[in-house]
Amino acid sequence: MGCIACAALVLDGAGVTLTRRESSSIPVEADSLCPDRFVGLGPTEIAALPVFYGRRKVELGDLFEVEGAGADNVIVSGDLKAVKKIGQGMSMGRLTVTGDVGPHLGAYMSGGEIVVQGDAGDWVGAHMSGGRIVVQGDAGHFVGAAYSGETRGVRGGTIIVGGNAGREVGARMRRGLIVVLGDTGEFAGAGMLAGSVFVGGRLGGRPGAGMKRGTIVAFGEAPELLPTFRYACSYRPVFLRCYLQSLEASGLIESPGLSDGEFRRYVGDMNSGGRGEVLVRDQSQ
Amino acid sequence: MHINGVEIEDTFAEAFGMWGSRLIVTGDDLGWARTAAEAATGFATSIIGCGCEAGTNDLAPGELTPDGRPGVAALVFTTSRKNMEAQLLQRVGQAVMTAATSACYDGLAAEEKVKVGGKLRYFGDGFQRSKLLDGRRLWRVPVMDGEFVVEESFGVVQAVGGGNFFMMAGSLTAALAAAQAAVAAMRAVPGAIMPFPGGVVRSGSKVSSRYKGQHVSSNTPYCPTLRGQEDSALREGENAVLEIVVDGLSEAAVAEAMRAGIAAACLPGVTRISAGNYGGSLGQFHFALRELLNT
């Protein structure tokens, strides 16, 4: 589909820098690692914020070297693959992760921006309601999905994954936009209530299963759809051009030539009212 | 004051506060976008008999349309927000939505809004869909050529209507040439439109009539064929008068349009440039011709 431009990464300037002291596979629950929690705090106070290291309650400063102050720009570095919930609930500021990061990144986020220069774990942006998450590498399963047992998930905001994502991208999504430039696993958009999921690479099997409304767009390969989806027409969706125009204007995605495409429109899931849609790019055009 | 031998009278145009809106109309190509925009702004020469005053304009340099397709701006001016909503509903519904390949977006960043797409959506008979993008709600109304995309609400601002100037000339040919040159120059001013046919008024009016129940009548002091029958405002050698009326989204837009138009209209055969006013006590905005040309 294109590539993430991500030109606006701010690594210089005032802000807080947290650097993991050492690698470890012991899970860290770091929901205090969030710009909102850093407002008005200096490095000593930030270092005193609580985190769980395995089952032990420790302080951020025990695991991270903390420098600087200022909640608007937070940079996190080091081995973060086992660090969960970074940016959870954030509503402001910019959080940059300079490598890979663990699961539940930006869950329940309502504003601000998170940029990950590497890969992210499962549950990126779960239940987010605003703001933007950009993962330059791959993401795990359940990107922008609702947690198990929840009937409604993401209510707003934008998630962009530069690489591949796992299964159930945007499951039970209510509003917002998720863009995966690479491939997705199965069940993208499962149970969608509304919102939009764009997939640049190969769309995994059984997309939109149980979707009530909402839009899944396959810019690359698409599987055979479930039998509860019906072909409607081939056409050039104008609304899609608005999205691509907006993404291009944001500088996040370069997507030449997509705007003029013809798409085959499938409506479904007929098991759930049939008001959702899967648009599949006509590759012969 | 004279420009190219043309006298600029020491007078002013008197203009009024109105409400203005700006639509971006797009299409598969510029022709279809223009077709839709011109249909929507047709029969909108004067607030008196048409409900609004409207016209089309090119997009500002570098301005992109929301869907990236070719587009045209359509500006609409009327007396109240309520009337604006009614006018936009009618015009977008009957003339833009009906035009092949069209889409219609809000082209004005304004805090006050009127609901247009949010009402037209019902044409979709329950199959309409909406998308929320960058804080703007777009409606997708199913139609026979695919979908009509229309924004939920359109911004309205307090605007200016009734900027004007008169071109007196020795012949109709000279007056027409001046008027056409003026309109061409004024079309380049963003945020301003000339609502009359071709941007030009040939039947300027006065706010009185000998007939009971009629409030306006032909501007007889400026009608060359009546010289000798009643008091004339024309000088010897003046055989035709054309007027240009301009509405704008701001006082500055009207001023710039008038300045550009007057400067372009000072051509051979034109004797003087004047303007219409009501003594200055009715309209909130006064555009003194000589001040405009001095800027």
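Please read all numbers here as calculations on a predicted model, not as lab measurements.

Trainee: Would you mind showing me how to read the overall build of chain B here?
Mentor: Each helix and strand counted, chain B has seven helices and 17 strands in total. A compact globule built from 295 residues should have a C-alpha radius of gyration of about 19 Å, and chain B, at 21 Å, falls within 12% of that. For chain B, the spread of C-alpha atoms along the three principal axes comes to 65 × 45 × 30 Å. Here chain B, with 295 residues, has 47% of them falling under the buried criterion. For chain B, long-range pairs separated by at least 24 residues make up 74% of all intrachain contacts whose partners lie at least 6 apart in sequence.

Trainee: Would you take a moment to explain the overall build of chain A for this structure?
Mentor: Broken down by element type, chain A carries four helices and 19 strands. Radius of gyration (C-alpha) of chain A: 19 Å, near the 19 Å computed for a compact globule of 285 residues. If you line up chain A on its principal axes, its C-alpha atoms span 60 × 35 × 30 Å. Within chain A, the proportion of its 285 residues that are buried is 53%. Contacts in chain A between residues far apart in sequence, at least 24 positions, make up 43% of those at least 6 positions apart.

Trainee: Looking at this structure, I do not really get the interface of chain B and chain A. What am I missing?
Mentor: Interface size, as often reported, equals the accessible area lost upon joining of the parts. Counting from both sides, the interface comprises 15 residues of chain B and, opposite them, 13 residues of chain A. Counting only elements with at least two residues in the side of chain B that touches chain A, the list comes to β8 (129-133), β9 (136-143) and β10 (146-151) of chain B. Along the lines of polarity and charge, the residues of the side of chain B that touches chain A split into seven nonpolar, two polar and six charged.

Trainee: What is the right way to look at the domain arrangement of chain B in this model?
Mentor: All names here are of chain B. What the domain assignment reports for chain B is domain 1 (2-14 + 160-294) and domain 2 (19-157). Relative placement of domain 1 and domain 2: their C-alpha centres are 30 Å apart. On the domain 2 side, the residues contacting the 11 residues of domain 1 number 13 residues.

Trainee: What am I meant to see in the packing of helix α5 (residues 172-186) of chain B against helix α6 (residues 251-265) of chain B here?
Mentor: Two measures define how a pair of helices packs: the angle their axes make with one another and the distance between the axes. All names here are of chain B. Remark: α5 packs on α6, axes separated minimally by 7 Å, with the N-to-C direction vectors making an angle of 145°. When the axes of α5 and α6 are compared, the crossing they make is right-handed. Every residue of α6 that contacts α5 at Ala-178, Ala-179, Ala-181, Ala-182, Ala-184, Ala-185 and Met-186 is listed here: Ala-257, Ala-260, Gly-261, Ala-264 and Ala-265. Looking at the contact of α5 with α6 residue by residue, the class counts come to 11 nonpolar, one polar and no charged.

Trainee: Would you mind going over the pairing of strand β15 (residues 240-248) of chain B with me for this structure?
Mentor: Successive side chains on a regular strand alternate, one facing one side of the sheet and the next facing the other. Residues and elements named next belong to chain B. Across the nine residues of β15, nine count as buried, placing the element largely inside the fold. Two elements, strand β11 (residues 153-169) and β15, share eight bridges in a ladder whose sense is antiparallel. Bridge pairing links Ala-169 to Ala-240 in β15. Two elements, strand β12 (residues 192-193) and β15, share two bridges in a ladder whose sense is antiparallel. Residue pairing for β15: Ala-192 is matched across the bridge by Gly-248.

Trainee: Whenever I open this one, the environment of B:Glu7 confuses me. Can you help?
Mentor: All names here are of chain B. Along the chain, Glu-7 falls in strand β2 (residues 6-8). Of the residues examined, Glu-7 has 16 C-beta atoms within 10 Å and is grouped as partly exposed. Between the alpha carbons of Glu-7 and Met-168 there is a distance of 9.8 Å; along the sequence they are 161 residues apart. Excluding residues that lie within four positions of it along the chain, Glu-7 makes contacts with His-2, Thr-271 and Arg-272.

Trainee: For this particular structure, what's the right way to read the sheet that holds strand β3 (residues 28-29) of chain A?
Mentor: Two strands in a sheet stick together by hydrogen bonds in their backbones, pointing the same way (parallel) or opposite ways (antiparallel). All names here are of chain A. Strand order across the open sheet formed by four strands is β5-β4-β3-β8, with mixed pairing between neighbours. Either end of the sheet is taken by a strand with one partner, and the two such strands are β5 (56-59) and β8 (83-84). Two elements, β3 and strand β4 (residues 50-53), share two bridges in a ladder whose sense is antiparallel. Each bridged residue has a counterpart across the sheet, and for Val-28 the counterpart in β4 is Tyr-53.

Trainee: Just to check I follow, could you spell out α6(B) for this structure?
Mentor: Side chains that are three or four residues apart share a direction in an α-helix, a result of its 3.6 residues per turn. All names here are of chain B. Here α6 spans 21 Å end to end across 15 residues, near enough to the 21 Å set by a 1.5 Å rise per residue. Most of α6 sits out of view: 11 of its 15 residues are buried. Those residues of α6 not exposed but buried are Ala-253, Val-254, Ala-255, Glu-256, Ala-257, Met-258, Arg-259, Ala-260, Gly-261, Ile-262 and Ala-265.

Trainee: I would appreciate a short explanation of the environment of B:Gly161 in the present structure.
Mentor: Residues and elements named next belong to chain B. Position of Gly-161 among the secondary structure elements: in strand β11. Sequence separation of Gly-161 and Val-246 is 85 residues, and the distance between their C-alpha atoms is 6.6 Å. Setting aside residues no more than four positions away along its own chain, Gly-161 makes contact with Ala-15, Phe-16, Met-18, Glu-53, Phe-77 and Asp-247.

Trainee: Quick question: what am I supposed to make of the confidence of the model for chain B here?
Mentor: Caution is warranted with low-pLDDT regions, since their predicted coordinates should not be read in detail. Per-residue confidence for chain B averages 95 on the pLDDT scale, and 100% of its residues sit at or above 70. Across the interface, the model reports ipTM at 0.90; the global pTM reads 0.91.

Trainee: Even after reading the chapter, I still don't get unusual backbone geometry, so can you show me in this structure?
Mentor: Note: most peptide bonds trans; most residues except glycine with negative phi. Residues and elements named next belong to chain A. In this model, Gly-268 is joined to Asp-269 through a cis peptide bond whose omega is 0°. Examined against the element boundaries, Asp-269 turns out to sit in the loop between β18 (263-268) and β19 (276-281). Located in the positive-phi region is Glu-168, a residue other than glycine, with phi close to 55°. Within the fold, Glu-168 resides in the loop between β12 (158-161) and β13 (177-180).

Trainee: Please clarify how the nonpolar core should be interpreted in this entry.
Mentor: The tendency in soluble globular proteins is for nonpolar side chains to be buried as a group. All names here are of chain B. Counting residues in each nonpolar core, the largest one holds 177 residues, and the members touching the most others are Val-25 and Met-167. The element contributing the most residues to this core is β11, with nine residues. Counting contributing residues per domain, this core is built from domain 1 (2-14 + 160-294) and domain 2 (19-157), each supplying no fewer than three. If sequence neighbours within four positions are ignored, Met-167 has contacts with Ala-175, Ala-178, Ala-179, Val-241, Leu-242, Ala-265, Val-270 and Ile-273.

Criteria and cut-off values
- Residues numbered from 1 in each chain as written.
- Chains lettered and ligands numbered in written order.
- Predicted model: local features only at pLDDT ≥ 70, side-chain atom pairs only at ≥ 80, totals over all residues.
- Helix = DSSP H or I, 4+ residues; strand = E, 2+ residues; numbered from the N terminus.
- Rg over C-alpha atoms; globule rule 2.2 N^0.38 Å.
- Buried ≥ 20, exposed ≤ 12 C-beta atoms within 10 Å, placed from the backbone.
- Contact = placed C-beta atoms within 7 Å.
- Nonpolar A, V, L, I, M, F, W, Y, C, P; charged D, E, K, R; others polar.
- Domains from an automatic or database assignment.
- Axes fitted to C-alpha atoms, helices over the stretch in contact; angles between N-to-C directions.
- Left-handed = near helix turned anticlockwise from the far one by under 90°.
- Pairing = 2+ DSSP bridges.
- Expected span 1.5 Å × (residues − 1).
- pLDDT = per-residue confidence, 0-100.
- Core = buried A, V, L, I, M, F, W, Y, C linked by C-beta atoms within 7 Å.

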